[in-house]
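Residues per chain are reported as follows:
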Amino acid sequence: MKILFATSNENKIAEAKVALGTLGHDVARLIIDGKSPNFIEPQADDIEVISKSKIDQSLELISGTKFEGCAILVEDSGLFIDGLGLFPGVYSSYVSRTIGNQGIINLLEKNPNRQAEYRAYSILYENGKYWNSMGKCSGQISTEIRGSNGFGFDPIFIPNSGDGRTFGEMLQSEKDAKSHRGESLRILCDHLRAPLK
Ligand code: ITT
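Residues numbered from 1 in each chain as written. Predicted model: local features only at pLDDT ≥ 70, side-chain atom pairs only at ≥ 80, totals over all residues. Heavy atoms only, no water.

## What about the nonpolar core?
Within the largest apolar cluster, 20 residues are counted, with the highest numbers of intra-cluster contacts made by Leu30, Ile55, Ile62 and Ile72. Of all elements in the fold, only helix H2 (47-62), strand S3 (71-81) and strand S5 (115-126) reach the threshold of two or more residues within this core. Counting residues per element, this core draws most heavily on H2, at five residues. Residues Val95, Ala116, Phe157 and Met170 belong to the second largest nonpolar core, which totals 15 residues. (Core = buried A, V, L, I, M, F, W, Y, C linked by side-chain atoms within 4.5 Å. Buried < 20%, exposed > 50% of the residue type's maximum accessible area, 1.4 Å probe, protein only. Helix = DSSP H or I, 4+ residues; strand = E, 2+ residues; numbered from the N terminus.)

## With respect to the site of the ligand
Around the ligand sit 21 residues in total, of which Thr7, Ser8, Lys54, Asp154 and Lys175 are the nearest. Here an oxygen atom of the ligand sits 2.9 Å away from a polar atom, N or O, in the main chain of Ser77. In isolation the ligand offers 610 Å² of accessible surface; the protein chains occlude 93% of this area. At a threshold of 2 Å from the grid points, most atoms of the ligand map onto the largest pocket. Sorting the residues of the shell around the ligand by element identifies S3, helix H3 (92-98) and helix H6 (180-193) as the ones contributing at least two each. Here the element with the most residues in the shell around the ligand is S3; it accounts for four residues. Of the residues assigned to the shell around the ligand, the class counts are three nonpolar, ten polar and eight charged. (Near = heavy atom within 4 Å. Polar contact = N/O pair within 3.5 Å; in protein donor to acceptor, adjacent residues only side chain to side chain. Areas by Shrake-Rupley, 256 points an atom, 1.4 Å probe, with all protein chains shown as cover. 1 Å grid on protein atoms, 1.4 Å probe; cavity = no way out; pocket = protein on both sides within 12 Å on 5 of 7 lines; lining within 4 Å. Sits in = over half its atoms within 2 Å of the grid points. Nonpolar A, V, L, I, M, F, W, Y, C, P; charged D, E, K, R; others polar.)

Below is the structure:
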C-alpha cells in the first residue's frame, strides 16, 4: 500500500520507509503546496491525544486536494525519563532543539534514576478506517553522548534490550528492531493484515 506520512521530521520518514518497506508498504512524505503539514499541537500530556489531533488536521488539509482518498500516517513520539517526572515527554521536540542531549545529561547529573522510555503513537487512516498503535522501548540515559547515528536523543539512549550501546551507536536496522517506532509500525501492519471484525 502507498502510505503518505504527515510529518515534518525527515528522520521519522526514513525510519518508516525501512520499517514499512520491509513489510511491503511504500512510504512517502505528505507535501502540500511544497510544505509538510505544520501541526498545531494541543496542550496535552498524552501522545495519543496529540496523534489524534494530527490525523484530524491532516485529513482536513488533504480534503479537496489530489491526496484525498490516500492512506495517511501520523505519529507522535517522545522520551519519558523517570528521574525527571517523565519529562520531556510531549515536549521532546522542543527540548531536543533547545537544551539538547547535553542538557538532559546535566539535568540527571546527581540523579541515580536514569531509567527512561521512548514512546510512539501512530495512526493510519485509510478509506474511512483508522488503525492505532502504541510502541514503547525502555532504556537508560547514558552519562555521556555516544554515537552519531539516528537523531534527537538517540546518542544518549541505551535500550535495555541491547548490548550497552546507545541508539546513536547502532545501525538503523538495529534501532528499528528494538525501537518504539519500529514496534508501533509493526503493530499497525499486523492490524492491517487482520480481518475486520
Ligand atoms: P512531527 O510532529 O511533524 O511528526 P516532530 O519531530 O515535532 O515531527 P514529535 O512532536 O512527535 O515530532 O516529537 C518527537 C520528538 O521526540 C523528536 O523530535 C525527538 O526529539 C524525540 N524522539 C522521538 N522519537 C525519537 C527517536 O526514535 N530517536 C530520537 N529522538 C526521538
